[in-house]
Amino acid sequence: MSLPWSAFWRGSRTRRLAGPALLALLGLGGTEALAQTSAGRPSYESLRFNEDWSPLRDPSLRTDPFDPLKWIPLNGAGSAYMTLGGELRARYEAARDPVFGLAAPRRNDYALLRSFLFADLHLGPHARAFLELASGFAPGWAGTPPTTQKDELDILQAFGEVTLPTAGGQIMLRGGRQEMSFGSSRLVSVRESPNIRRAFDGLRAAWIGSGDTRIDAFLLRPVAPQLGRFNDSNDSTQLFWGAYATTAIPALPGLKADLYYLGLERDEARFAQGTATEHRHTLGTRLFGKRSGFDWNVEAAYQFGSFGTADIRAWTVSANLGYSFADLPFSPRLGLNADAISGDRNLRDNRLGTFNPLFPKLPYFSEANLAAPANLLDIQPNLTVLLTPKLSLTLGWNPLWKQAEADAFYAPPLSPVRGSAGGTGRFIGQQTSLALSWSATEHLTLGGTYVHYTPGERLKQAGAGSGAFLAGWAQFIF
């Protein structure tokens, strides 16, 4: 692994962005909820650095075979301690005509094997160091696997952190390689389904208040995985900065709100309009919560900036709504997901209207990973039932349309598909999905999904065809 900090800060791009970045660092931001420290047992978290196992100082709470790894005192007082943990995951995938038959290879059957191992060192209540190693392999992959699937051994996370108490909260300062996820993961998230999750190199600060209030600010570069061992480095063609705030709304019980600003500079950015340097700013907000059986997650964002000599004007509105019938057999939840994500209405004018989803969760709409959230209209009614308290089944149907007919259809992560721009008709296609998830134990999760998809007439003209995706996995965490 290399962390070329001098290169990270060097260059005209950094000088141009110093002002906006400083404003971002002084602005609003925040999200990732820390694992609660309480009198009870801690729980496992998706972001493993959020776990706090210090309650295991109490011997009566050490009830799990892996507890000796969670609380390893390094001095007599227990103020210095270490936590060890990790993950082993085996996943099988079979893809037929991926991305509606517009991606290669047309048939691919393979296994995904990944392992993570981390050490979390606490030196008193205010300082810590976190190190996580990752290894990923993709036996059976047709051709050369992408580096998000095969990375023999590398550092996924390595950061130092200082936390300082303040009136009404605490200030956290973190520097190094780190995962990051904000809000509902629509714009900033890890890659969970591939072998190698997304990480960033850089600096992050947060003010953590009482209750659910948190403000984060950051200046980072995304990490680009590489084949081999200990050679991953950050992507010097991208710089990402911003601020994110989240808080509860006291006047409306059950309602919480996010407010954020995200900035991105990207060299050689490619859209259907062409390729150029992209300077993009995103302002957004999210309202979410649950009450009386209802749950809601509504988000809207507006983007502006420049793409070469063109102006950027883009937007998105997304909603995830549901109602759970807790008193009925199997506790069914009826859900409705919907997105309206702008595209470019004229590829030859001096304006780019295509929304950039930045660093979203992947896959986005289903495990088949058919479409990037750009130039898209979609709706997804779904039903989730609990077959047992730990076994859930979800059915969904998801038709997709272009938002702007002139723009291209974008394949993940954000690539315009050749031959899909222009033409007549907006209908991209549809997918039907079935997913099962079983939390067998606190450590073991089993899951599977099947997705069938058919293209619309416009994509058929570009060579698309029907296809299917099947996956099954076992994940063990400790």
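Rules of the game
Position numbers for residues count from 1 along each chain, tracking the sequence in the order it is written. Reporting of local features is limited, given that this is a predicted model, to residues whose pLDDT is at least 70; pairs of side-chain atoms are given and counted only at 80 or more, and all residues count toward the totals for whole chains, interfaces and linings. Only hydrogens and water are set aside when side-chain values are computed; all heavy atoms of the structure are taken into account. Numbering of helices and strands runs from the N terminus; a helix is a DSSP stretch of H or I covering at least four residues, while a strand is a stretch of E covering at least two. The quantity called the radius of gyration is restricted to C-alpha atoms. Its globule counterpart is 2.2 Å times the number of residues to the power 0.38. Residue exposure (1.4 Å probe, protein chains only): buried if accessible area is under 20% of the type maximum, exposed if over 50%, otherwise partly exposed. Residue contacts are defined here by distance: any two heavy atoms, one from each residue, within 4.5 Å place the two residues in contact. Per-residue and other accessible areas were derived by the Shrake-Rupley procedure at a 1.4 Å probe size, with only the shown protein chains allowed to occlude residues. Charge assignment in this entry is limited to Lys and Arg as positive and Asp and Glu as negative, and neither His nor the chain termini are counted. Taken as the charge location is NZ of Lys, CZ of Arg, CG of Asp or CD of Glu. Each pair of strands is called paired provided DSSP finds at least two bridges between the two strands. As used here, the term nonpolar core means buried Ala, Val, Leu, Ile, Met, Phe, Trp, Tyr and Cys residues forming a set that is joined through side-chain atoms within 4.5 Å. Two rings belonging to Phe, Tyr or Trp (six-membered ring only in the last case) form a pair when the distance between their centres is within 6.5 Å. Interplanar angles under 30 degrees mark stacking, angles over 60 mark edge-to-face geometry, and anything in between is tilted. The criterion is that NZ of a Lys, or CZ of an Arg, lies within 6 Å of the ring centre and within 35 degrees of the ring normal, and then a charge sits over that ring. Think of a polar contact as two N or O atoms within 3.5 Å of one another; within protein, one of them needs to be a possible hydrogen donor and the other a possible acceptor, and neighboring residues in sequence only count if both atoms come from side chains. Each salt bridge in this description consists of a side-chain nitrogen of Lys or Arg and a carboxyl oxygen of Asp or Glu lying within 4 Å of one another. Patches here are clusters of residues that have more than 30% relative accessible area and form no salt bridge, with a 9 Å joining cutoff for like charges and a 5 Å cutoff for nonpolar side chains (Val, Leu, Ile, Met, Phe, Trp, Tyr). The quantity called pLDDT is the predictor's confidence in a given residue, expressed from 0 to 100.

### Quick notes on the overall build of the protein chain
Each helix and strand counted, the protein chain has five helices and 23 strands in total. Scaling as 2.2 N^0.38, a compact globule of 478 residues should have a C-alpha radius of gyration of about 23 Å, and the protein chain matches this with 23 Å. C-alpha extents for the protein chain along the principal axes are approximately 70 × 60 × 55 Å. When burial is assessed residue by residue, the protein chain has 50% of its 478 residues classed as buried. When contacts within the protein chain are restricted to residue pairs at least 6 apart in sequence, long-range pairs at least 24 apart make up 60% of them. If you sum the accessible surface of the protein chain, you get close to 20,500 Å²; carbon and sulfur atoms cover 63% of it. Averaging the coordinates of the 46 positive side-chain charges in the protein chain and doing the same for the 42 negative ones gives two points 3 Å apart.

### Here we look at the pairing of strand β10 (residues 238-248)
Within β10, nine of the eleven residues are buried, which leaves the element mostly enclosed by the surrounding structure. Of the pairings in the sheet, the one linking strand β8 (residues 214-224) to β10 comprises seven bridges and is antiparallel in character. Of the residues in β10, the one forming a bridge with R214 is T246. In this sheet, strand β11 (residues 255-271) lies alongside β10 in antiparallel orientation, the contact comprising eleven bridges. In the sheet register, G242 faces β11, and the bridge partner there is L262. Hairpin connection from β10 to β11: six residues lie between these consecutive antiparallel strands, with G254 at a positive phi of about 90°.

### Structural notes on the nonpolar core
The nonpolar side chains of a soluble globular protein tend to be buried with one another. Counting residues in hydrophobic clusters, the biggest one holds 38 residues, and the most contacted among them are F100, M180, F240, L262 and F409. Put simply, the parts of the chain that give this core at least two residues each are α4 (98-101), β8, β10, β11, β22 (444-455) and β23 (467-477). By residue number, the principal contributor to this core is β11, which donates three residues. Leave out the neighbours within four places in its chain, and F100 touches L370, L400, F409, I428, G429, Q430, Y453, T454, P455, L459, A464 and G465. F271, A276, I312 and Y410 belong to the second-largest nonpolar core, a separate cluster that totals eleven residues.

### Re the packing of aromatic side chains
Tallied over the entire structure, the rule returns 26 aromatic pairs. When the ring of Y323 is compared with that of F325, the centres are 4.8 Å apart and the planes differ by 80°; the resulting orientation is edge-to-face. These aromatic residues form a ring-pair network of at least three members: F182, F200, F218, F240, Y244, Y260 and F359. Over the aromatic face of Y364 sits the side chain of K361, whose NZ or CZ is 5.6 Å from the ring centroid.

### Details of the environment of W397
By secondary structure assignment, the location of W397 is in strand β18 (residues 391-401). Spatially, the C-alpha atom of W397 lies 9.7 Å from that of V451, the residues being 54 residues apart in sequence. A distance of 2.7 Å separates a polar atom in the side chain of W397 from a polar atom in the side chain of Q430.

### Some points on the pattern of salt bridges
Here the structure, examined in full by the defined rule, presents 24 salt bridges. Across the salt bridge formed by E93 and R91, the nearest N and O atoms sit 2.5 Å from each other. Assessed through its relative accessible area of 6%, E93 is described here as buried. Judged by its relative accessible area of 5%, R91 falls in the buried class. Ionic pairing is found between R114 and E192, a salt bridge with its closest N-O pair at 2.6 Å.

### Concerning unusual backbone geometry
Cis geometry is found at the peptide bond from A104 to P105, where omega equals -5°. In this model, P412 is joined to P413 through a cis peptide bond whose omega is 0°. With phi around 60°, F100 is a residue other than glycine that occupies positive phi space. Counting through the fold element by element, F100 comes out in helix α4. One non-glycine residue, S331, adopts positive backbone phi at about 45°. Tracing the chain through its elements places S331 in the loop between β14 (310-324) and β15 (333-341).

### Observations concerning a nonpolar patch on the surface
On the surface, V298, L321, L336, I379, W401 and F427 cluster together into a nonpolar patch covering about 440 Å² of accessible area. Tracing the sequence through the fold places V298 in strand β13 (residues 294-307). With relative accessibility at 35%, the residue V298 sits in the partly exposed group.

### Regarding the confidence of the model for the protein chain
Predicted coordinates in regions of low pLDDT should not be interpreted in detail. Mean pLDDT over the protein chain stands at 91; residues scoring 70 or higher make up 92%. Within the model, pLDDT remains below 50 along residues 1-38, and this stretch shows 99 contacts once partners closer than five positions in the same chain are excluded.

### Side note on the environment of I477
Considering the arrangement of structural elements, one finds I477 in strand β23. Its relative accessible area of 16% is what places I477 among the buried residues. Once the C-alpha coordinates of I477 and G86 are considered, the two residues, 391 residues apart in sequence, prove to be 5.8 Å apart. When near neighbours in sequence (up to four residues on either side) are disregarded, I477 contacts Y44, R48, G86, E87, E442 and H443.

### With respect to the side chain of T282
Along the chain, T282 turns up in strand β12 (residues 274-291). There is a polar contact of 3.0 Å between the side chain of T282 and the side chain of Q303. With sequence-adjacent residues up to four places away left out, T282 is seen in contact with L187, Y260, Y261, L262, A301, Y302, Q303 and L358.

### Topic: the pairing of β11
β11 sits mainly inside the fold: twelve of its 17 residues count as buried. Counted along the chain from β11 to the antiparallel partner β12, the turn is two residues long.

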